[in-house]
4 protein chains.
Amino acid sequence: MPTLYNRIQGRNLERLAALSDGIFAVAMTLLVLDLHIPSAAQIHSESGLLAALAALGPQWITYAMSFLTLGIFWAGQQTQLNHIAEGARDLTWIHLGFLFAITLLPFSTRLLAEFIVYRAALGVYWLNILAPGAMLYWSWAYATRTHLIKADTPEEVRASICKRILIAQSLYAAGAVLCFIATWVSIAAIVLVQLNYALAPRLRLRKRR
Amino acid sequence: MPTLYNRIQGRNLERLAALSDGIFAVAMTLLVLDLHIPSAAQIHSESGLLAALAALGPQWITYAMSFLTLGIFWAGQQTQLNHIAEGARDLTWIHLGFLFAITLLPFSTRLLAEFIVYRAALGVYWLNILAPGAMLYWSWAYATRTHLIKADTPEEVRASICKRILIAQSLYAAGAVLCFIATWVSIAAIVLVQLNYALAPRLRLRKRR
Amino acid sequence: MPTLYNRIQGRNLERLAALSDGIFAVAMTLLVLDLHIPSAAQIHSESGLLAALAALGPQWITYAMSFLTLGIFWAGQQTQLNHIAEGARDLTWIHLGFLFAITLLPFSTRLLAEFIVYRAALGVYWLNILAPGAMLYWSWAYATRTHLIKADTPEEVRASICKRILIAQSLYAAGAVLCFIATWVSIAAIVLVQLNYALAPRLRLRKRR
Amino acid sequence: MPTLYNRIQGRNLERLAALSDGIFAVAMTLLVLDLHIPSAAQIHSESGLLAALAALGPQWITYAMSFLTLGIFWAGQQTQLNHIAEGARDLTWIHLGFLFAITLLPFSTRLLAEFIVYRAALGVYWLNILAPGAMLYWSWAYATRTHLIKADTPEEVRASICKRILIAQSLYAAGAVLCFIATWVSIAAIVLVQLNYALAPRLRLRKRR
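These numbers come from a predicted model, not from an experiment.

A.B. asks: Describe the overall build of chain A, and please don't skip the residues or the numbers.
C.D. replies: Helix and strand counts for chain A stand at 9 helices and 0 strands. The secondary structure elements of chain A, listed N-terminal to C-terminal, are α-α-α-α-α-α-α-α-α. With respect to the three principal axes, the spread of C-alpha positions in chain A is 65 × 45 × 35 Å. Burial status across chain A gives 49% buried among its 209 residues. In chain A, of all internal contacts separated by at least 6 residues, the share reaching a separation of at least 24 is 80%.

A.B. asks: Account for the arrangement of the chains, with residues named and values stated.
C.D. replies: With no contact between them, chain A and chain C keep their nearest C-alpha atoms 8 Å apart. The smallest C-alpha distance separating chain B from chain D is 8 Å, and no contact links them.

A.B. asks: Quick rundown of the nonpolar core? Include the residues and the values.
C.D. replies: Note that soluble globular proteins tend to have their nonpolar side chains buried in a common cluster. Ranked by size, the top nonpolar core spans 259 residues in total, and within it A:Ala121, B:Ala121, C:Ala121 and D:Ala121 carry the most contacts. Leaving out residues up to four positions away in the same chain, D:Ala121 has contacts with A:Leu49, D:Leu111, D:Leu112 and D:Phe115.

A.B. asks: Lay out the interface of chain C and chain B with the relevant residues and their values.
C.D. replies: At the junction of the two partners, chain C supplies 35 residues and chain B supplies 37 residues. Looking at the side of chain C that touches chain B, the elements with two or more residues in it are helix H2 (13-30), helix H3 (46-55), helix H4 (57-82), helix H7 (155-177) and helix H9 (200-208) of chain C. At 9 residues, H2(C) tops the list of elements feeding residues into the side of chain C that touches chain B. Here the residues of the side of chain C that touches chain B sort into 21 nonpolar, 7 polar and 7 charged.

A.B. asks: Which residues make up the environment of C:Ala101, and what values do they have?
C.D. replies: All names here are of chain C. Residue placement: Ala101 occurs in helix H5 (residues 89-114). A residue is classified by how many C-beta atoms lie within 10 Å of it, and Ala101, with 20 of them, is buried. Residues Ala101 and Ile129, 28 residues apart in the sequence, show an inter-C-alpha distance of 8.4 Å. Discounting residues that sit within four places of it in the chain, Ala101 has contacts with Asn128, Ala131, Pro132 and Met135.

A.B. asks: A description of the environment of C:Glu155 should follow, citing residues and the corresponding values.
C.D. replies: All names here are of chain C. Mapping Glu155 onto the fold places it in helix H7. Residue classification places Glu155 among the exposed residues on the basis of 7 C-beta atoms within 10 Å. The sequence separation of Glu155 and Val185 amounts to 30 residues, and the corresponding C-alpha distance is 38 Å.

A.B. asks: Please give an account of the packing of helix H2 (residues 13-30) of chain B against helix H5 (residues 89-114) of chain B that cites residues and values.
C.D. replies: Residue and element names in this part refer to chain B. The geometry of H2 relative to H5 is characterised by a closest axis approach of 9 Å and an angle of 10° between their N-to-C directions. Of the possible angle classes, the one that applies to H2 and H5 is roughly parallel. Residues Leu16, Ser20, Ile23, Phe24, Ala27 and Leu30 of H2 pack against Thr92, His95, Leu99, Ile102, Thr103, Leu105 and Pro106 of H5. Classifying every residue of the contact of H2 with H5 by side-chain character gives 9 nonpolar, 4 polar and no charged.

A.B. asks: Can you lay out unusual backbone geometry for me, pointing to particular residues and giving the numbers?
C.D. replies: Residue A:His147 is not a glycine yet carries a positive backbone phi of 60°. With respect to the element layout, A:His147 can be found in the loop between helix H6 (119-145) and helix H7 (155-177).

A.B. asks: So what's going on with the relation of the copies chain C and chain B? Which residues, and what values?
C.D. replies: Taken as rigid bodies, chain C and chain B are interconverted by a rotation of 90° and an axial shift of 0.0 Å, the fit giving an RMSD of 0.0 Å. Here the copies are linked by what is in effect a four-fold axis. Residue C:Gly22, judged by its C-alpha, is the member of chain C lying nearest the rotation axis, at 4.0 Å. Looking at the interface residues of chain C, only 9% of them are also at the interface in chain B, so each copy uses its own face.

A.B. asks: Describe the interface of chain B and chain A, listing the residues and the values that go with them.
C.D. replies: Contacts between chain B and chain A engage 35 residues on the former and 37 residues on the latter. For the side of chain B that touches chain A, the secondary-structure elements that each account for two or more residues are H2, helix H3 (46-54), helix H4 (57-82), helix H7 (155-177) and helix H9 (200-208) of chain B. Examining the composition of the side of chain B that touches chain A, we find that 9 residues originate from one element, H2(B), more than from any other. Looking at the side of chain B that touches chain A residue by residue, the class counts come to 21 nonpolar, 7 polar and 7 charged.

A.B. asks: Kindly report on the confidence of the model for chain A, identifying the contributing residues and their values.
C.D. replies: Confidence in the prediction for chain A averages 87 pLDDT; 93% of positions are at 70 or higher. Across the predicted assembly, pTM comes out at 0.92 and ipTM at 0.89.

A.B. asks: Tell me about the packing of helix H6 (residues 119-145) of chain D against helix H7 (residues 155-177) of chain D, and name the residues and values.
C.D. replies: Residue and element names in this part refer to chain D. At a minimum axis separation of 10 Å, H6 and H7 run at an interaxial angle of 165°. Considering their axes alone, H6 and H7 lie roughly antiparallel with respect to each other. Every pair of crossing elements has a handedness; the one defined by H6 and H7 is left-handed. Across the interface between the two elements, Leu122, Trp126, Ile129, Leu130, Gly133, Leu136, Tyr137, Trp140 and Thr144 of H6 pack against Arg158, Ile161, Cys162, Ile165, Ala168, Gln169, Tyr172 and Ala176 of H7. Per-class residue counts for the contact of H6 with H7 are 13 nonpolar, 3 polar and 1 charged.

A.B. asks: Pulling in residues and values, what's your account of helix H2 (residues 13-30) of chain A?
C.D. replies: Helix length check: H2(A) (18 residues) gives 25 Å between terminal C-alpha atoms against 26 Å at 1.5 Å per residue, within 8%. Across the 18 residues of H2(A), 16 count as buried, placing the element largely inside the fold.

Definitions and limits used
- Numbers given to residues run from 1 along each chain, matching the order in which its sequence is written.
- Naming scheme: in the order in which they are written, chains are lettered from A and ligands are numbered from 1.
- Selection of residues for local features in this predicted model requires a pLDDT of at least 70, selection of side-chain atom pairs for listing and counting requires 80 or more, and totals for whole chains, interfaces and linings are taken over all residues.
- The helix count covers DSSP runs of H or I at least four residues long, the strand count covers runs of E at least two residues long, and both are numbered beginning at the N terminus.
- Exposed residues have 12 or fewer other C-beta atoms within 10 Å of their own C-beta, buried residues have 20 or more, and partly exposed residues fall in between, where C-beta atoms are placed from the backbone.
- Contact between residues is assigned whenever the C-beta positions, reconstructed from backbone atoms, fall within 7 Å.
- As used here, a nonpolar core is made of buried Ala, Val, Leu, Ile, Met, Phe, Trp, Tyr and Cys residues. They are joined through C-beta atoms within 7 Å.
- Ten residue types, Ala, Val, Leu, Ile, Met, Phe, Trp, Tyr, Cys and Pro, are classed as nonpolar, four, Asp, Glu, Lys and Arg, as charged, and the remainder, Gly among them, as polar.
- What counts as an axis is a line fitted to C-alpha atoms, over the stretch in contact for a helix, and the angles between N-to-C directions run from 0 to 180 degrees.
- When an angle is under 35 degrees it counts as roughly parallel; over 145 it counts as roughly antiparallel; between 65 and 115 it counts as roughly perpendicular; any other value is oblique.
- In superposing the copies, a least-squares fit is computed on C-alpha atoms, taking residues whose pLDDT is at least 70 in both.
- Across the chain, each position has a pLDDT score giving the predictor's confidence in that residue, from 0 to 100.
- A clockwise turn of the near helix away from the far one marks a right-handed crossing, whereas an anticlockwise turn of less than a right angle marks a left-handed crossing.
- Take the residue count of a helix, subtract one, and multiply by 1.5 Å to get its expected span.

As C-alpha cells, then:
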C-alpha cells in the first residue's frame, strides 16, 4: 500500500518548479538582510558615509558571489526540468534535497562574510556549492535511468547536462583547493568560474552569430 | 446572498497551490535564519571555528527535521490537490487552516532548538506535526463527501491517502510518547519515521524494478 | 506616446495573481517572526516553560487574527480576479495599492501586539483592514465600469461582490468603534466577524445539503 | 559543448516570470520589517503613541517610495516579458542582473531612511533606480537584436518601450541632481515622477473615454 501511495505522490512538476522558484526568490532576497547599513552614531559627514560603505567591501563580494551561485543553480535546475516529461516521487525528493542545500546558502554566505580569512568558512561554502551540484547530477542520472526525460531530447543534450555539472564542479573544487594559498585567491577563482558561466559564453556566442 | 458569494469564492485551485508553494518556500528558507553563525569575537583559530560549528549540532538536527517535516507535508498536500477536480470555498478554508499550522513550524522549531531537553517544547513540536496532518485528513474527507475528487481516481488511491495520514500520525504520536524516556529518544524516533517516508520506500521500489 | 505604453502595460492577470500569492505567502509567514520564544535564561522547569508559553497569549491572538485577515482578503481578491476577463494597467495599479496595504499588516499586527490596550494601535489596525477593503471595492467598481468582467458573470454575482465588501467593512467598523468601551471588546468583535466569514457560512451551507 | 548547453539553457519564460514575482513579493514585504514600532518603554499615553507613530515619518516616505519603485519596475518588466516570444540563456542572465539590482533595494531604502539628509545615501538610492532601468533597456535591446520579440508586436510598441525607459530615467536623474539643493527636494521630485507614472496617466486616459 505505501508503494501505491508513492506511485501517486509528487507527480506534479509545476508545483516543484513553483516551490523552487519561491525558495530561490526568498534565498536571493534574504542575502541582502546581511548587508548591514553603517551605524548612524559613527557617521558625521558625507565622506564618512562613503568610507563606511566602502568598508562593507567583503560583505558585497560574498553577497554578489552568492547571488551568482543561486542564479547558476536556478538556471541549471530549470534546464533539467525543462527536459523532464513527468514528475515522480523519488525525483521530487531528490529535488527537495537540492532545495535543502539551497536554503543553507544564506548561512554559508554569512559565515564566509564574517570569517573571510578562515579556510574552514571557505570549506563550508564550497561544500554548499558541491552539495546542490551533486543533487542535480543525481537528479539527471535518476531521470535518465527511469526514462523520465522527454523523448525528443537529443542524446548530446543528455550528455551535455552531465558534463556541464562535472566540469563546473571540478573548477569549483580546484578553486577551493587554492585556499591553501589564501582564502581570497580561492574566492577570486570561484567568482571567475562563476562569471565565466554567467557572462563569457554569451560573448563567445555573439561572435558566431 | 452570502451563500451565493460563498458559492463563487475560492474556486481557483491554482491560486491555492501557488499560495501554498509560496508559504512552504518562505517557511523552508526562514528556518535557516535561526542558524546563527558563531560570534567573531570568540573565534581565534581554524580549529576554534570548526569547534564552534560543531557546537551548533542541536540546531542543525532541529533544522533538518523541520525541513523534512515541511517537505513531507508539501508532498502530501500536492498529492491531494492533484486528485481534486475543482476548488470550493470550504476546501480553501480547510487548506488555509493547514497553511496556518505550517507557518507556525518555524516557531516550534526555534522553541525545540532552544529547549531541546524539555518535554513541553517537544509536545508543542508534535502538536505542530499533528495539526497539519489533521487538516489534510479533514480536507480529503471533505473532498470525498462533496464529490470534489477527480472521477478517474481509483478507489484504492482514495483509501490510501487516508490510511497514509493515519499510519504516519500514529508513528509520530508513538515517537512523541517516547519523550517520557528522554526527548532525544523522541526526536530520533520522529526523524527515523520521517526518513522512512522520504528515503526508505525509494529503496524498496528500486529493488522491484 | 505614454498612453500607448499605458495601453500595453499590466495586461497579464497571471503575473498579478502570482505577485499577490507571493506577497500574501510572505506576509502570512513573516507574522510568525514576531512570536518570540521565551528566553532560555528565565526558564528552569517544564512548568516554567508552559507558563511562559501561556504568557504569549496576546501575541497569539493578534497573530491568529492577522492570519484570518490575510486569508479573508486573499480569498476576496481571488474571487474578483476569477471573474475578470483581462488585465489593464489601471486595474494593476489599484491592486498594487491593495498589496501595499497588505504588506503593512505585519507592522500593524506588531503594533497591536505590543500596545494591545491602546486605542491608537487598534485604530491603525482597523485602518489596515479598511484600506485593502476600499481598494478591492474600487477594483470591482473599476472593472465594472471598464467592462473587464467576464461576460458570463451573472448580475447577482456582480452585485454580491460589492455588497459583501460593504457589509463586512460595516461590521469591522462597528467592531472598531467598540474600542471606546475597551480594546479587547473591539478585538473580540473583529475576530468574531472574521470567524463568521471563515467558518459560519460553511455550517449553514452544510445544513442545506 | 558549452555552447550546446547554453542553447538549451534558460528557455523557460514562465520560470523567469515566477522567480521575478517571488523576488518582487519578498522585496516588497521585507521593506516593512524596517518599519520599527515605537518602544513600549517610552510610551505612556494614547497621544504619546500617536506622536511616536508620526515621528516615523521619514521611514514611511522612503518605504512608500520604495514600494512605488518596485511596482514600477515590476510592471515594466512584465510589459516586456509579455511581448517576448521565447526565452534565451542570455536574456535570462540579463534579467537575473535586473533582479540582483531589485534585491538591493531594501538595502538602499534602509540606508536612505537612516541617512535621509546625506547626498551619498540619495546617490546610492538613485543608482539603485538607474541599474534596473539600464538592465531593462539592455533586455529590450537584446531581445530586439536577437528577434525574440513576438512577431505581432507593432513597431510603435517596440519603440515606446525604449522611449519610456529613457524618459523615466532622465526624470529620475534630474530629480537626483536636485540633491545639491537639498536631499528632500530630490526625494520629493523622485516621488512626483513615480506618482506620475503610477497615477497621472490614468486620469488622462479617463478623460478620453
